[in-house]
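# Observations on the three-dimensional arrangement
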Amino acid sequence: MAQIMLWEAIQRAHDEEMSRDPLVICMGEDIGVAGGTYKATKGLFEKYGPLRVMDTPISEGGFTGLAIGASFLGVRPIVEIMSVNFAWLAMDQMFNSAAKIRYMSGGQIEAPCVFRSAGGAAHQLGAQHSARMEKVFMGVAGLRVVTPSNPKQAYGLLKSAIRSNDPVFINEHELMYNMKGEVPDAEYFHPLEGSDIARSGTDVTLFGYNISVHWCLKAAEILDKQYGISAEVVDLYSLAPLDRAGIKQSVSKTHRVVIAEEDEAPVGVGSEIIAIINEECFFELDAAPVRVHSALVPQPYNHTLEKAAIPDHEDVVKAVLKLFGKA
Amino acid sequence: MKIEDKKRVLREMVLHRRFEERCYQAYIERKIGGFLHLYPGQEACCNGVMEAARPGQDYVITGYRDHVHAIKCGADPKEVMAELYGKETGSSKGRGGSMHIFDAAHHFMGGYALVGGPFPLAAGIAKAIQLKGGDEIAICFLGDAANNQGVFHETLNMAALWKLPVLFVCENNLYGIGTSIERSTAVVHQHKRVAAYNIPSAECDGQDIDIVYEHARKAVDHVRAGNGPYFLELMTYRYRGHSMSDSRGYRSREEEEEWKQRDPIFMLRDRLITAGALTMADYEAMEKETDAYIENEVIKFAEESPEPRVEDLEKYVLADRASQQPWLTGKAA
Ligand SMILES: Cc1ncc(C[n+]2csc(CCOP(=O)(O)OP(=O)(O)O)c2C)c(N)n1
Ligand SMILES: [Mg+2]
């Protein structure tokens, strides 16, 4: 098993699928000749040419719709939207065309498209380049939403997303492309549904996804070493559908819950998880679940304010201690 | 067009007109719900273009005023009517409705309700044709007001840039709901707007099917020969309101009467009579037979068809699970 960076894992998934199936194509701004803003499509243009590796004009609604139309005829496009903040311009096509086509055609037409986009706050990119928007996508019927927390998931989720006949939105993170991790040398498909137990524990469940899995893991380490609290970390790599069974199983084991998300709280991943806990296993709870989330503000530019707006592992530790009456 | 083809097309256009008028009646009777956009007045547009193309093979996409385009591509009028009735036998199994008719088998890729939404989808279909190496083309029928959406310009740019085999047909009926084109659009003649993208274009009378056909042939040949997109603007008029809730207060009865003097069906009929290929009695028989067919077969089928089962409410949201393994759970199906 090789240690590779997350962008390399995404590039490998593209390359393998494109060499297998001539109808797999990719498109986006600067993904071809320039090799991709995050290098996720590096070398593909040279290998597969401009018909299959398409440098698009800056027309998010247009090229996303174009990809969806091509997918109606069996083409499998992988669309990179440079930043999730720009995905708003493409949402009409993703939601009104891709997500609804199977239903409103009575099963006649499908849109096997993959949309990848980088979200999350990086470093001082300001209000229009730092949004998290997974909560917008995960509430749309007909769309799958997955979000990798490590290179293995990034590789395996993209592989499965390309093979799936449903449209899939892959939520990536600006700060994670250079993260290193092990990826199997053999071909590997990560399931699009379910959740992973990133660390097993008995006293409290920390739910995270994408970057917040890493806050949870770091927090679990501190809680174990300094406070003798055994935290279980559940990695919700699938946001739509959320893993109801997995959530129930962990809550039934630990009876305490903290949910960590980089997004703002209202109408968010945390709200949805708490709703699922209420529906599936309310009486397993020994304490009210706690959400760790960003402040409800457009992302500030100032470094100190930005740090104050976004949570991290220390906030997760604090939330757990509060839950145990230790803070 | 050969004389025999013209007679066939006349019969089709009569069906298209009477089908729509029967929808109007069914809507009043509350058999059809939701939004209903009817096509009378514009028949020569769809028919003239599709006669120059290959219905059932070329891919067609349009907006919400879609019944006639679907039927012209080969959709069974019975299934289209059943769709309007919301029945399980409808072309979209009752899940779509008037604005969402689909018939993938006949390459009718649908009716869409977001104004301008089909532009990039059409270009994408053309991209797929280009990748697969077929000689079909994509044809996108939309209205005049749709051209004020951003994706119109985004799509024209990409279609020209990548030489995609797509024909854009603008059915310019001078209104977007109740706003006349002079009041919404800086340029009334839409074909002028595509010149900036180096896309060849033409504008012609959309009421005379012979004229539409001649222009469409040039357009279709251009696209099919691999020269990239083409934009054809057809000047036309819808007789009825935009949808069923529209009492046409924004235009004069005189204007309507003027357009009806050049009715696409009557013009073709009279031309065939003058040529000695048809008598008035033939035409009247055609109308009668069409009405009988609509009543005895189309409406009957829709009336007698079953409703979808409520147990199937969530069918067609996502792909069938068994066919999606192992990608979903990592387990074999
Ligand atoms: C994105 C969007 N905005 C507004 C509407 C409401 N609407 C429906 S049809 C229409 C007018 C479209 O006119 P045109 O493109 O000329 O087509 P026509 O109905 O005349 O054939 C409007 C504004 C809509 N359906 N979608
Ligand atoms: Mg119009």
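This text follows the structure it describes.
What this report covers is the structure whose coordinates are included nearby.

## Examining the interface of chain A and chain B
The accessible area lost on association of the parts is a frequent measure of interface size. Each partner contributes to the interface: chain A provides 48 residues, whereas chain B provides 45 residues. Both faces combined, the contact of chain A with chain B buries some 3,900 Å², and carbon together with sulfur accounts for 68% of it. For chain A, the biggest contributors to the area lost against chain B are L73(A), Y103(A) and M104(A); these three give 20% of the whole. Our count for the contact surface shared by chain A and chain B stands at 1 salt bridge. With its nearest N and O atoms 2.7 Å apart, the salt bridge here joins R321(B) to E193(A). Taken together, the connections running from chain A to chain B amount to 18 residue pairs in polar contact (both at pLDDT 80 or more). Secondary structure elements with two or more residues in the side of chain A that touches chain B: β3 (53-55), α3 (60-72), α4 (91-98), α5 (101-104) and α7 (151-163) of chain A.

## With respect to the site of ligand 1
Residues and elements named next belong to chain B. Taken together, 15 residues surround ligand 1, and among them Y64, R65, A113, A145 and Y175 come closest. Side-chain polar atom of D144 to an oxygen atom of ligand 1: 2.9 Å apart, as the coordinates give it. One of the side-chain N or O atoms of N173 is found 2.9 Å from an oxygen atom in ligand 1. Compared with its free state, where it exposes 590 Å², ligand 1 has 72% of that area covered by protein. A class-by-class count of the residues in the shell around ligand 1 yields 8 nonpolar, 5 polar and 2 charged.

## Regarding the sheet that holds strand β13 (residues 257-264) of chain A
Residues and elements named next belong to chain A. The sheet built from 5 strands is open, its strands ordered β9-β11-β10-β13-β14 with mixed pairing. The sheet is open, and its two borders are formed by β9 (196-199) and β14 (290-294), each paired with just one other strand. Direction aside, neighbouring strands of the sheet carry axes that sit 25° apart on average. Here strand β10 (residues 204-208) runs beside strand β11 (residues 231-235); their pairing, made up of 5 bridges, is parallel. Within β11, the residue paired with G208 across the bridge is D235.

## Quick notes on empty space enclosed by the protein
All names here are of chain A. A full pass over the atoms with the stated rule returns 3 cavities of 30 Å³ or more. Put simply, the largest cavity is a space of about 80 Å³. Every residue lining the largest cavity is listed: G119, G120, R132, E134, N171, E172, H173, Y209, N210, I211, S212 and E262. For the lining of the largest cavity, the secondary structure elements donating two or more residues are β7 (168-173) and α8 (211-227). Per-element accounting of the lining of the largest cavity gives the leading share, 3 residues, to β7. Of the residues contributing to the lining of the largest cavity, the split by class is 2 nonpolar, 6 polar and 4 charged. Residue-level mapping places the lining of the largest cavity at the junction of two domains, with at least three residues from each of domain 1 (2-183) and domain 2 (196-323).

## A closer look at the side chain of E256(B)
Residues and elements named next belong to chain B. Take E256: it is sitting in helix α10 (residues 253-260). Residue E256 is classed as buried on the basis of its relative accessible area, which comes to 4%. Within the structure, E256 has its side chain in polar contact with the side chain of R248 (distance 2.7 Å). Among all residues touching E256, those that are not within four sequence positions of it are Y237, Y239, R248 and R251.

## Some thoughts on the pairing of strand β5 (residues 114-119) of chain A
All names here are of chain A. Extensive coverage of β5 is indicated by the burial of 6 of its 6 residues. Both faces of β5 are covered, namely the face carrying V114, R116 and A118 and the face carrying F115, S117 and G119. Sheet topology places strand β4 (residues 76-81) next to β5; 4 bridges connect them, and they run parallel. Residue pairing for β5: V79 is matched across the bridge by F115. Sheet analysis places β5 next to β7, joined by 6 bridges and oriented parallel.

## What to know about the sheet that holds β4(A)
All names here are of chain A. An order of β3-β2-β4-β5-β7-β6-β12 is seen for the 7 strands of this open sheet, with the pairing classed as mixed. Of all the strands in the sheet, the pair left with one neighbour each is β3 and β12 (238-240). The average angle at which neighbouring strand axes cross in this sheet is 20°, direction not considered. In this structure, strand β6 (residues 144-146) lies alongside β7, joined through 3 bridges in parallel fashion. Pairing of R144 across the sheet is with V168, part of β7. Most of the contacts of helix α1 (residues 6-20) go to strand β2 (residues 24-28), to which it runs at about 135°, and overall it touches β2, β3, β4, β5 and β7. Contacting β2, β4 and β5, α3 crosses the sheet at an angle of about 165° to β4.

## A look at the nonpolar core
Ranked by size, the top nonpolar core spans 82 residues in total, and within it F72(A), F137(A) and F207(A) carry the most contacts. Counting residues per element, this core draws most heavily on helix α5 (residues 118-132) of chain B, which supplies 8 residues. When residues of this core are sorted by domain, at least three fall in each of domain 1 (2-183) and domain 2 (196-323) of chain A. F207(A) has contacts with C216(A), V234(A), L236(A), I247(A), V251(A), V257(A), V258(A), I259(A), A260(A), I273(A) and I277(A), leaving out every residue within four places of it along the chain.

## Focus: the packing of helix α2 (residues 43-52) of chain B against helix α9 (residues 209-224) of chain B
Residues and elements named next belong to chain B. Contact pair α2 / α9: the axes reach a minimum separation of 8 Å and the direction vectors enclose 45°. With respect to their mutual orientation, α2 and α9 come out oblique. Crossing of α2 over α9 shows right-handed handedness. Only I209, V212, Y213, A216, R217 and V220 of α9 make contact with α2, whose side of the interface consists of A44, C45, N47, G48, V49, E51 and A52. Across the contact of α2 with α9, the residue classes tally to 9 nonpolar, 2 polar and 2 charged.

What counts and what doesn't
In this numbering scheme, every chain counts its residues from 1 along its sequence in written order. Think of it this way: whatever chain is written first is A, whatever ligand is written first is 1, and the rest follow in order. Only residues with pLDDT of 70 or above have their local features reported here, since the model is predicted, and side-chain atom pairs are shown and tallied only from 80 upward, although totals for entire chains, interfaces and linings are computed over all residues. Here the side-chain values reflect all heavy atoms present in the structure, with hydrogen atoms and water set aside. Only heavy atoms matter for contacts: two residues are in contact if any of them lie within 4.5 Å across the pair. Buried area, as used here, totals the accessible surface that two parts lose on assembly, with accessibility defined by a 1.4 Å probe and the loss added over both. In the sections that follow, a salt bridge refers to a side-chain nitrogen of Lys or Arg positioned within 4 Å of a carboxyl oxygen of Asp or Glu. Polar contact is the term for a pair of N or O atoms within 3.5 Å; when the atoms are in protein, one must be able to donate a hydrogen and the other to accept it, and sequence-neighboring residues count only if both atoms are side-chain atoms. Helical segments are the DSSP runs of H or I of at least four residues, strand segments are the runs of E of at least two, and each set is numbered from the N terminus. Any residue with a non-hydrogen atom lying within 4 Å of a molecule or strand is treated as near it. All accessible-area figures derive from a Shrake-Rupley calculation using a 1.4 Å probe, and residue coverage is judged against the displayed protein chains alone. Residue classes follow a fixed rule: Ala, Val, Leu, Ile, Met, Phe, Trp, Tyr, Cys and Pro count as nonpolar, while Asp, Glu, Lys and Arg count as charged, and any other residue, Gly among them, counts as polar. Any two strands with at least two DSSP-identified bridges between them are counted as paired. Here an angle of 0 to 180 degrees is reported between the N-to-C directions of two axes, which are lines fitted to C-alpha atoms, with helices fitted over the stretch in contact. Within this scheme a cavity is a closed region of a 1 Å grid, computed over the protein atoms alone, that accommodates a 1.4 Å probe without allowing it to escape, whereas a pocket is open but has protein on both sides within 12 Å along at least five of seven lines; lining residues each have an atom within 4 Å of a point. Grid points are joined across faces, edges and corners, and a volume is the space filled by probe spheres set on the points. Boundaries of every domain are those given by an automatic assignment or by a domain database. Whether a residue is buried, partly exposed or exposed follows from its accessible area with a 1.4 Å probe, protein chains only, as a fraction of its type maximum: under 20%, in between, or over 50%, in that order. Put simply, buried Ala, Val, Leu, Ile, Met, Phe, Trp, Tyr and Cys residues joined by side-chain atoms within 4.5 Å make one nonpolar core. Small angles under 35 degrees read as roughly parallel and large ones over 145 as roughly antiparallel, with 65 to 115 read as roughly perpendicular and the rest as oblique. Crossings are classed by handedness, with left-handed meaning an anticlockwise turn of the near helix from the far one by less than a right angle and right-handed meaning a clockwise turn.

Scope: geometric values only; no functional claims are made or implied.
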